[in-house]
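# Reading the structure
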Protein chains: 4
Amino acid sequence: MMFDIIRSGRAILHVTDLEQSKSFYEALGFIESEADEENIFFRGLEEHNHHSLWLKKKPEPAVEAISYKVISEQDLDELEKFFISQGNDIKWLEKGTQRSVGRALRVQDISGLPLEFYAEMETVDRLLQRYDLYKGAKVQRIDHFNCMVPNVERAYDYYIKHLGFACSEYTVGEEEKVWAAWLHRKPSVHDVAFMNGIGPRLHHVGFWLKDPMSLIDGCDVLAALGYGPNIERGPGRHGLSNAFFLYLRDPDGHRIELYNGDYLTSDPDFKPIKWDLDDPMRQTFWGHEAPDSWFDEASEVLDIQTGRKLPQHEPKLKKRKPQFVI
Amino acid sequence: MMFDIIRSGRAILHVTDLEQSKSFYEALGFIESEADEENIFFRGLEEHNHHSLWLKKKPEPAVEAISYKVISEQDLDELEKFFISQGNDIKWLEKGTQRSVGRALRVQDISGLPLEFYAEMETVDRLLQRYDLYKGAKVQRIDHFNCMVPNVERAYDYYIKHLGFACSEYTVGEEEKVWAAWLHRKPSVHDVAFMNGIGPRLHHVGFWLKDPMSLIDGCDVLAALGYGPNIERGPGRHGLSNAFFLYLRDPDGHRIELYNGDYLTSDPDFKPIKWDLDDPMRQTFWGHEAPDSWFDEASEVLDIQTGRKLPQHEPKLKKRKPQFVI
Amino acid sequence: MMFDIIRSGRAILHVTDLEQSKSFYEALGFIESEADEENIFFRGLEEHNHHSLWLKKKPEPAVEAISYKVISEQDLDELEKFFISQGNDIKWLEKGTQRSVGRALRVQDISGLPLEFYAEMETVDRLLQRYDLYKGAKVQRIDHFNCMVPNVERAYDYYIKHLGFACSEYTVGEEEKVWAAWLHRKPSVHDVAFMNGIGPRLHHVGFWLKDPMSLIDGCDVLAALGYGPNIERGPGRHGLSNAFFLYLRDPDGHRIELYNGDYLTSDPDFKPIKWDLDDPMRQTFWGHEAPDSWFDEASEVLDIQTGRKLPQHEPKLKKRKPQFVI
Amino acid sequence: MMFDIIRSGRAILHVTDLEQSKSFYEALGFIESEADEENIFFRGLEEHNHHSLWLKKKPEPAVEAISYKVISEQDLDELEKFFISQGNDIKWLEKGTQRSVGRALRVQDISGLPLEFYAEMETVDRLLQRYDLYKGAKVQRIDHFNCMVPNVERAYDYYIKHLGFACSEYTVGEEEKVWAAWLHRKPSVHDVAFMNGIGPRLHHVGFWLKDPMSLIDGCDVLAALGYGPNIERGPGRHGLSNAFFLYLRDPDGHRIELYNGDYLTSDPDFKPIKWDLDDPMRQTFWGHEAPDSWFDEASEVLDIQTGRKLPQHEPKLKKRKPQFVI
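Since we're looking at a predicted model, the values are computed, not measured. (Residues numbered from 1 in each chain as written. Chains lettered and ligands numbered in written order. Predicted model: local features only at pLDDT ≥ 70, side-chain atom pairs only at ≥ 80, totals over all residues. Heavy atoms only, no water.)

A few words now on the overall build of chain A. When helices and strands are counted, chain A shows 6 helices and 18 strands. Since a compact globule built from 326 residues should have a radius of gyration of about 20 Å, the 18 Å found for chain A is in line with a globular shape. Here the C-alpha coordinates of chain A stretch approximately 50 × 50 × 40 Å along the principal axes. The long-range share in chain A, meaning contacts at least 24 apart out of those at least 6 apart in sequence, stands at 70%. By element, 49% of the accessible surface of chain A is carried by carbon and sulfur atoms, the whole surface being about 10,700 Å². (Helix = DSSP H or I, 4+ residues; strand = E, 2+ residues; numbered from the N terminus. Rg over C-alpha atoms; globule rule 2.2 N^0.38 Å. Contact = heavy atoms within 4.5 Å. Areas by Shrake-Rupley, 256 points an atom, 1.4 Å probe, with all protein chains shown as cover.)

Residue and element names in this part refer to chain C. Going through the model one piece at a time under the given rule, you end up with 124 salt bridges over all chains. A salt bridge links R255 to E232, with the nearest nitrogen and oxygen atoms 2.7 Å apart. You can see R255 sitting in strand β16 (residues 255-260) and its partner E232 sitting in strand β14 (residues 231-237), a full 23 residues away along the chain. Classification of R255 as buried rests on a relative accessible area of 2%. (Salt bridge = Lys/Arg side-chain N within 4 Å of Asp/Glu carboxyl O. Buried < 20%, exposed > 50% of the residue type's maximum accessible area, 1.4 Å probe, protein only.)

We now examine the relation of the copies chain A and chain D. Between chain A and chain D, the superposition needs a rotation of 180° and an axial shift of 0.0 Å, giving an RMSD of 0.0 Å. Both copies of the chain, as the preceding transformation shows, are related through a two-fold rotation axis. Relative to the rotation axis, the C-alpha of A:D211 is the closest in chain A, positioned 2.8 Å from it. A shared binding surface is used by both copies, with 100% of the interface residues of chain A retained as interface residues in chain D. (Least-squares fit on C-alpha atoms with pLDDT ≥ 70 in both.)

A few words on the domain arrangement of chain A. Residue and element names in this part refer to chain A. Domain parsing of chain A yields domain 1 (5-118) and domain 2 (135-300). Here domain 1 and domain 2 have C-alpha centroids that lie 19 Å from each other. Contacts between the two partners involve 45 residues from domain 1 and, on the opposite side, 45 residues from domain 2. Remark: the boundary between domain 1 and domain 2 carries 1 salt bridge. A salt bridge links R141 to E46; its shortest N-O distance comes to 2.9 Å. Where the side of domain 1 that touches domain 2 is concerned, the elements lending two or more residues are β1 (5-15), α1 (18-28), β5 (62-70) and α2 (73-85). In terms of residues, the side of domain 1 that touches domain 2 owes the most to one element, β1, which gives 10 residues. Of the residues assigned to the side of domain 1 that touches domain 2, the class counts are 23 nonpolar, 15 polar and 7 charged. (Domains from an automatic or database assignment. Nonpolar A, V, L, I, M, F, W, Y, C, P; charged D, E, K, R; others polar.)

Another point: the interface of chain A and chain D. Interfaces are often sized by the amount of accessible area the parts lose when they come together. Chain A puts 35 residues into the contact, and the matching count from chain D is 35 residues. Regarding the contact of chain A and chain D, the summed buried area is about 2,900 Å², with carbon and sulfur atoms giving 53% of it. Inspection of the chain A/chain D interface yields 6 salt bridges. With its nearest N and O atoms 3.1 Å apart, the salt bridge here joins D:D267 to A:K69. Breaking the side of chain A that touches chain D down by element, the ones donating at least two residues are β1 and β17 (273-276) of chain A. The residue makeup of the side of chain A that touches chain D, split by class, is 14 nonpolar, 8 polar and 13 charged. (Buried area = accessible area lost by both parts, 1.4 Å probe.)

Moving on to the pairing of strand β1 (residues 5-15) of chain B. Residues and elements named next belong to chain B. Of all 11 residues in β1, 11 are buried, a share of seventy percent or more. Sheet analysis places β1 next to strand β5 (residues 62-70), joined by 8 bridges and oriented antiparallel. Bridge pairing in β5 places R7 opposite K69. For β1 and strand β4 (residues 53-57), the ladder comprises 5 bridges, and the chain directions are parallel. Residue pairing for β4: H14 is matched across the bridge by K56. (Pairing = 2+ DSSP bridges.)

The next subject is the interface of chain C and chain A. Contact with chain C, which involves 13 residues of that partner, is made by 13 residues of chain A. At the junction of chain C with chain A, the criterion picks out 2 salt bridges. The salt bridge involving C:K138 is made with A:D217; its shortest N-O contact spans 3.9 Å. Linking chain C to chain A there are 0 residue pairs in polar contact (both at pLDDT 80 or more). A per-class count over the side of chain C that touches chain A returns 5 nonpolar, 1 polar and 7 charged. (Polar contact = N/O pair within 3.5 Å; in protein donor to acceptor, adjacent residues only side chain to side chain.)

Residues and elements named next belong to chain D. Read from one edge to the other, the open sheet built from 8 strands follows the order β2-β3-β4-β1-β5-β8-β7-β6, with strand pairing classed as mixed. Each of the sheet's edge strands pairs with one partner strand only, and the pair in question is β2 (31-35) and β6 (91-93). Going across the sheet, the axis of each strand differs from the next one's by a mean of 25°, ignoring polarity. Note that strand β5 (residues 62-70) and strand β8 (residues 114-118) share 4 bridges and pair parallel. If you follow S67 over to β8, its bridge partner there is E116. Relative to strand β7 (residues 104-108), helix α2 (residues 73-85) is tilted by about 25°, and along the sheet it contacts β5, β6, β7 and β8. (Axes fitted to C-alpha atoms, helices over the stretch in contact; angles between N-to-C directions.)

Of the positions making up helix α3 (residues 152-161) of chain C, those classed as buried are C:V152, C:A155, C:Y156, C:Y158 and C:Y159. Near the N-terminus of α3(C), the side chain that reaches the backbone nitrogen of C:E153, with its oxygen 3.4 Å away, is that of C:N151.

Superposition of chain C onto chain A requires a rotation of 180° combined with a translation of 0.0 Å along the rotation axis, giving an RMSD of 0.0 Å. Most of the interface of chain C is mirrored in chain A: 100% of its interface residues are interface residues there too.

Residues and elements named next belong to chain C. Burial analysis of strand β11 (residues 178-184) places 7 of its 7 residues in the buried class, which makes it a mostly covered element. Across 6 bridges, the pairing between strand β10 (residues 166-172) and β11 is antiparallel. Bridging across to β11, T171 finds its partner in A180. Linking two consecutive strands that pair antiparallel, namely β10 and β11, is a turn of 5 residues; a positive phi of about 55° is found at E175 within it. As paired strands, β11 and strand β12 (residues 192-196) are joined by 4 bridges and run antiparallel to one another. Among the inter-strand pairings, W182 is bridged to a residue of β12, identified as A193.

This next bit is on the UniProt feature "domain: VOC" (unreviewed entry) in chain A. All names here are of chain A. Those places that UniProt annotates as "domain: VOC" (unreviewed entry) correspond, in this numbering, to residues 7-120 and 141-261. As annotated, residues 7-120 comprises 21% helix and 40% strand, and the C-alpha atoms at either end are separated by 13 Å. The annotated region residues 141-261 carries 19% helix and 45% strand content, and the separation between its end C-alpha atoms amounts to 14 Å. (UniProt positions renumbered as here; feature names shortened; annotations may be inferred.)

Dropping the structure here:
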């Protein structure tokens, strides 16, 4: 690889009502870095970059882009070369075009997901030790994107061979085909995961919490503020990734995962952990089955050039939901 | 009242396989006080009495008795007088008949539940500060019994008027009738709760944990030992009682609640908290609906004289399950 | 006993700067029930009574009274009779004299501590499930008073024989004399504790927290707000009482304990736990020795009749500080 | 840099009594991977490599080496070239010489610390989800080394310029000289820290815990097993690094830090955080001052060639202890 992707950086989501979104995400404990009539920029408590979640007011909910931070401007040039060599239709957003970031490269990935790469983002005060500002689930930082794609193996191969990701854990279904995969650049379980399903769609954005009690506190605060119905699944523990998790739906239906657990995946001799799709401990190490909505619903993504919603494709592998749940 | 009931004291459960039960309850963190071929006596870490859970090996699972501790032997005599005055058929088990307890009075209560009262139980080493022995969910002490009865209002009136219990919280259903009630002698939310349902049956025995993390630890340990399927409901928080809860089914289907939360109910001016049956935050302040099994299944109870299972009766109030769950 | 004391109810403290006190106690997570130019009334999150901490603006810090709640008005009359029979000089504050409480009986106890008894206090909204209002250490309720007195054995005998308290744990020093004792009416470790020292003085008021993480959160929030120097001791665990503790000094030097742990002391067959003064695990089950200030400093108390500070007396037992600390 | 150091990998400590060490480290929750008459190999619960702590039975306590894992064998060759170019006297331990690791390169670093580099270590079962084996503080993985050296600036420059480390936080003392520095290869706060002091010595080895409650649980279990006196400092929070910490002394006086907190340091635009040596929140964000032993005592290190203890040097900066502590 001639480029170095550091980590998942930010999600750009279209929402229909900024006030409602603001109330919801502040209840979760996000910090508002900046806002105007059309935008809110949120960050977690330990983040020293301007934002990791950008909400844009638009008529319809959608995913404009999921973004990765790279080491330097030169990495962006190398990524451009790579994508052009692959026949991709890239798009540059010059510095100044977007609030707080330098120039950014956008491209539809092999599954059609709208990716963005940037090297520079304004820094802001890190609030890690401003415990007096901790609220709700005390969101610390962005952790990963989880995407539903019709062909997981193709995405998996592409990210590993061409983008330099490593696999921490994966699930196989029928005929030992990869049904889902967890891939990382930073040495955690993932920066991005792919699951077999109608896509390309964004299943959720995962944010990291400092400890399990922050997740319980988050549930209590959400419920006290009337957001109980926004809790879709959890708290529970995934077998896969060992995450202590909570899944929420924001007022536009975008799914947010609150996440604690994880482990260090820095070593080249770390062997990816293989799970069988029908292993009941894979999805839920303990506790309840996921509701149907968790398997069926996800956020639609946009064409980086036209801004229109991308068409969806049926998944390649037949089984969309682990058997033990049915 | 001429007698003084202190608190819920112990449950006597019939189980079919002592080895299986032993493994399960030890995984939960119970301490075995004593055991032989036919019996296991368990206690929690802070308990200074010999046991709070007595498992007897029998051909069929059943509830032999739920027991309350009273202040003195004289209270037992007064309870005898009271029950005889009510036309009840009482039964004495003299000291020496049962392991570790003094003489005990048994009676079928107004709903048919097999009650037992005792003043004396052998004391043992309290293990509160033997943190090296803490395991699983680190069960601290018995907290309450939850019973399904056909006529909650009748049970409620009887326990308050005749047995000296106070009500902390209650649920009303159709026509403002009491659908469920939480009653206490010790100044916590409850020593016993009654819910409208086919009965008399024991819905669960609740044990108190020292903090929420012990419940999460309990889930992880249970799952690691293969007891994931025994987790029936939770973790979650009840609106009613504010309990952070986990419901488990033991190898014979007896239901155990692990419970943290509670509050002090010592004051006579504490006004019982009223909930509407269909308030979605009542059962589950946040998180998922209870599975059907939680509403339908419970342990059958025995006749104190014959040792045979008591016949079940349909509940008086029609609705057996909160509407929002259906 | 012809009277029934329920529990420790409130502390009335004189402070010199209400604004400073307000900031400090709100950082801890207290809820302000009411305030004016001369007073602030604070309560914990689960408290349904108007307040458990009353701060009065005065030129000098002092303890006006420590108060116990009794069952009924009749209990107050019986307490009056009792204290008069003992030769005590009592004082009535009629209903309406003090904000939110009914009539109150004040008396200097056998050690000179200014006690108050009341049966009635206005009820307010309990905020137990208003998790959105939880802050700092999320103080739940008042738990106990800890007092330094010159003659612990005399206080111990008096509270047990005449006021109906029971002992949960105690410490013996030289010649097996009681050096400190933990006494309760509600079935917890204590409503009041006495320690050998220059007195009568109030060592601290203890408030109960819902779990250990609330105490850690409290430390972080206090430090973030600049109150780090107000943390005098802890976090740590006492061997005695098993409390997970933190000791704070408020802006006037009054000491507040944040407290989690405890156990149920409801049974008459619970045997008080005896500790040796020089057992290093007694004071601090793990962690560091207490600073000298913790042994030397305490709040002075007022004469209920004159409002003047009571003279202090040297303790009867020579050793004021456990040997292992010296 | 022509080589890529991944992370701190293992510590090799000499201890005088293996049985005593075994009991102590097992109480902490370490997993024994292998042991014989002369050695114990310990790992944390999430570690997939054979060990991160190697205890060797020897007549005197000492630090044989602190080891870093590199990406590949080639990195070892490049490191050899580098150290030889610097005039260092290197030493190879061929594969098979040491249990479970491939060939290893040893060298005395610029401060005299005995470093070791290796690319290969046997993999073992990761026990991350064997919650039934979690004990004590449930140690998860090795995190960092903290070393006392006479010239921190020299070490700091060397590790950053020549070994590819980045600085997350640092402390300046007199004349703005670097008094202490936290340096990392993996994107956490540190793999190694240097503090001004008599050296070269190893101050402590830090191990990472999954959450704050594991640290509290660790204290309780240690105390219950009689290891209370081994707790030297904490629990508390460092301002610097935001760590929730506990410092322990093993039976030979080697210092172990249990550590939770941390944050992601992956970004090149992360600006190292500067602290003033006399900022009271630096060492202890809340809670007590460190005892003198924490500043004065550390483990002596060995010459990689002779196996003899290295001579100690006085620190370059005069002040050895922050002023506010004195």
